[in-house]
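Descriptive structure summary
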Amino acid sequence: MIPKTRLTLIIILLLGSLLRMMNLGKKPLWLDEIITALFTFGQGYSVIPRETVFSIESIPNFFTYQAQSCSQIAHFLAEQSTHPPLFFCLLHQWLGIIKEVKIFDHFLAIQLRFLPALFGIITILVLYYLNRQAFSEKAGLMGAAIMTISPFAVYLSQEARQYTLLLAFITIALLAFVQILKSARHSWFYWLLWGVVNSLGAYTHYFFFLSFIAQVMVLFGFFVWQFPRRLLLLFGVTGGVILSYLPWLPTLITHFSSPKTDWLPSFDWFAPIYQLLLGLIIMFVTFPVENQPIFMQVISAVIMLSFSGWLVYQVSMGYRKLLHNKATQKVTLALSLYIVFVFLQLLVIIYGLEKNIAIAPRYNYVYYPALCSLVGASLIARNEPIRSHLSWKRLSMIGMIGLASCLFVVGNLFFLKPYFPGLTAQRFNQSPEPMLIVMGYRNEMDLAIGLSYGLALNRIRDPSLTSDFIFFDDRDGYDQMWENIRQLPLNVAQVWVLGTGLKRVDFPETLRLNQSLTCQRDRDNYYRIGIPYQRYQC
């Protein structure tokens, strides 16, 4: 007979697994995932043909596994990217394993996303242990349940990126952090765990330092207040984490000034305020608003705002109980201060450095595990005893809204992929005529965007149809690109031109191809989704 608590946890983990694995390979890979694939398959940007025509059917071949050492992967990243190497090394090893056992063959998206989804499931389990140690068994189950049906957690789990590994590292670090605070003695195991996990997290993403700094600040404050003798241990372990990062420090400095970090829009003093608030809301509720009719947007917005307000009230009632309970007061305050210190650092980056990272909700991973922990514990405190009819009604409401939100994410109705590779591919595929796609590029990010479009088109395009692609360097202007198109020895019925920095008026009315083939601009097929693109009929 399985104990009730263990059975409940198993059900939570099974539901979390189902939500994270559902439709895992159906959504097209987007820019950042393409970049992940290029490095983790062991080839980098050099595999992408430039100034040369290639068929879209050949694009999957660019992602052929080439065994590399972690130091080689790290070298690629140091030279061509702006990320630390740990996640890429782990994913590279995973791709090597599945190549040997031949699973997920011909399913590129699943190959790349399965490991992050697995990390997302592991994080649910770790959060259970965090809340069980910090609050209670019931709080552990509730925290795990909240993360299971969190649309934000499902979204990160279905991305071929490092964010679920970061969630796992932060949750483990907070587990050690809580044990260090609660223990009256030196907990050598948890000090070691805390140091190692924070070092690993820093080798996974640069923003992990925000989490590490916030943890150090909270521990410093509590030790000054209660255990001054522990400050020496804190300084020692913190110094160890910093020393472990010295080999990568020169690369971090180089990456900090890299032009690849200039993708953020021009600074706006007011936008980050509502973007940060929206980032909080979409952790718990997401109803369709993107690319929806106006009436659907209004209904979804009303549901999201109403539910968020109601949830804040429910959590605040339980949160007060946690603060007034001597058994949970210390941990509640510590996790709350952690969130506050992370937010302060985010504000320094946004308003001090004028880098509006609030535009990308994924960066909220830094404080998400702590927030999820407090929400789960607060809901338990608010709804005790759980046996009451009203408590079940409240918790059922949260469960239904969360589950519906996750299904919207899984169904690609929220957190749509940037640059809309799926929608763009459908527009390219509107005609069965032979096609050429011409894309001007200025940097590697443009190349990755182009590959995301080509991969998405290859999934839906009839393989018997001619579908070619070519990249042209446009850094010297587009006049040269128009001339290069004229020299292409191809006969096609339609040409799609994509150009970074082009405006609608910059597209010529006529393109010449193969010296003599004339292609007229189709004004009904001009689009702009980050990058403008125009169809020409030949």
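Figured I'd write up the structure that's included with this text. Position numbers for residues start from 1 in each chain and track the written sequence from start to end. Totals for whole chains, interfaces and linings use every residue, but because this is a predicted model, local features are given only for residues with pLDDT of at least 70 and side-chain atom pairs only at 80 or more, for both listing and counting. To get the side-chain values, take all heavy atoms of the structure and skip hydrogens and water.

Here's the deal with the overall build of the protein chain
For the protein chain, the count of helices and strands is 20 helices and 7 strands. The dimensions of the protein chain, computed from C-alpha atoms along their principal axes, are 85 × 55 × 50 Å. Accessible area for the protein chain stands at about 23,400 Å²; split by element, carbon and sulfur atoms hold 64% of it. His residues and chain termini do not enter the charge count, which takes Lys and Arg as positive and Asp and Glu as negative. Here the site of a charge means NZ on Lys, CZ on Arg, CG on Asp, or CD on Glu. Placing the 41 positive and 28 negative side-chain charges of the protein chain at their respective mean positions leaves the two points 19 Å apart. Only DSSP runs of H or I reaching four residues or more are called helices, and only runs of E reaching two or more are called strands; each is numbered from the N terminus. Surface exposure here means Shrake-Rupley accessible area, sampled with a 1.4 Å probe, where a residue is shielded only by the protein chains that are shown.

A short note on the side chain of Asn356
The topology assignment puts Asn356 in the loop between helix 15 (326–352) and helix 16 (368–383). Here's how the labels work: a residue is buried when its accessible area is under 20% of the maximum for its type, exposed when over 50%, partly exposed in between, all with a 1.4 Å probe on protein chains only. The exposure class assigned to Asn356 is buried, which follows from its relative accessible area of 5%. Engagement of the side chain of Asn356 in a polar contact is seen with the side chain of Gln275, the distance being 2.8 Å. Dropping the residues within four chain positions of it, Asn356 is found in contact with Leu264, Ala271, Pro272, Gln275 and Ile350. Under this definition, polar contacts are N or O atom pairs within 3.5 Å; protein pairs additionally need one hydrogen-donor-capable and one acceptor-capable atom, and for neighbouring residues in sequence, both atoms have to be side-chain atoms. Residues count as neighbours in contact if any of their non-hydrogen atoms are within 4.5 Å of one another.

Concerning helix 20 (residues 479–486)
Looking only at helix 20, the buried set comprises Met481, Trp482 and Ile485. The buried residues of helix 20 occupy an angular sector of 100° when the element is viewed end-on, so they sit on one face. Its buried side turned inward, helix 20 meets strand 2 (435–441), strand 3 (467–473), strand 4 (494–499) and strand 5 (510–513). An arc is given here, and it is the one of the directions from the helix axis to the C-beta atoms.

A few points about the pairing of strand 5
Looking along a regular strand, one sees side chains alternate from face to face of the sheet. The alternating pattern of strand 5 places Leu511 and Leu513 on a buried face and Thr510 and Arg512 on a face that is not buried. The rule for pairing is simple: two strands pair if DSSP sees at least two bridges between them. Where strand 5 and strand 6 (residues 517–529) come together, 4 bridges link them in antiparallel fashion. Looking at the pairing, Thr510 lines up with Gln520 of strand 6.

Some words on the nonpolar core
For our purposes a nonpolar core is just a set of buried Ala, Val, Leu, Ile, Met, Phe, Trp, Tyr and Cys residues, chained together by side-chain atoms within 4.5 Å. Ranked by size, the top nonpolar core spans 166 residues in total, and within it Phe63, Phe177, Trp194, Tyr338 and Tyr365 carry the most contacts. In contact with Phe177, other than residues within four places in its own chain, are Trp194, Gln215, Val218, Leu219, Ala334 and Leu335. One finds Tyr478, Trp482, Val492 and Leu502 within the second-largest nonpolar core, a separate group that totals 20 residues.

Re empty space enclosed by the protein
Both site types are read off a 1 Å grid over the protein atoms alone. A 1.4 Å probe that fits but cannot get out defines a cavity, while an open set with protein on both sides within 12 Å along at least five of seven lines defines a pocket; lining residues have an atom within 4 Å of a point. Grid points are joined across faces, edges and corners, and a volume is the space filled by probe spheres set on the points. All told, the structure shown has 3 cavities of 30 Å³ or more when counted by the stated rule. The volume enclosed by the largest cavity comes to roughly 70 Å³. Lining the largest cavity, in full, are Ile146, Ile149, Ser150, Pro151, Met283, Phe284, Phe307, Leu311, Val375, Ile398 and Gly402. Taken together, the residues of the lining of the largest cavity sort by class into 9 nonpolar, 2 polar and no charged. The classification used treats Ala, Val, Leu, Ile, Met, Phe, Trp, Tyr, Cys and Pro as nonpolar, Asp, Glu, Lys and Arg as charged, and all other residues, Gly among them, as polar.

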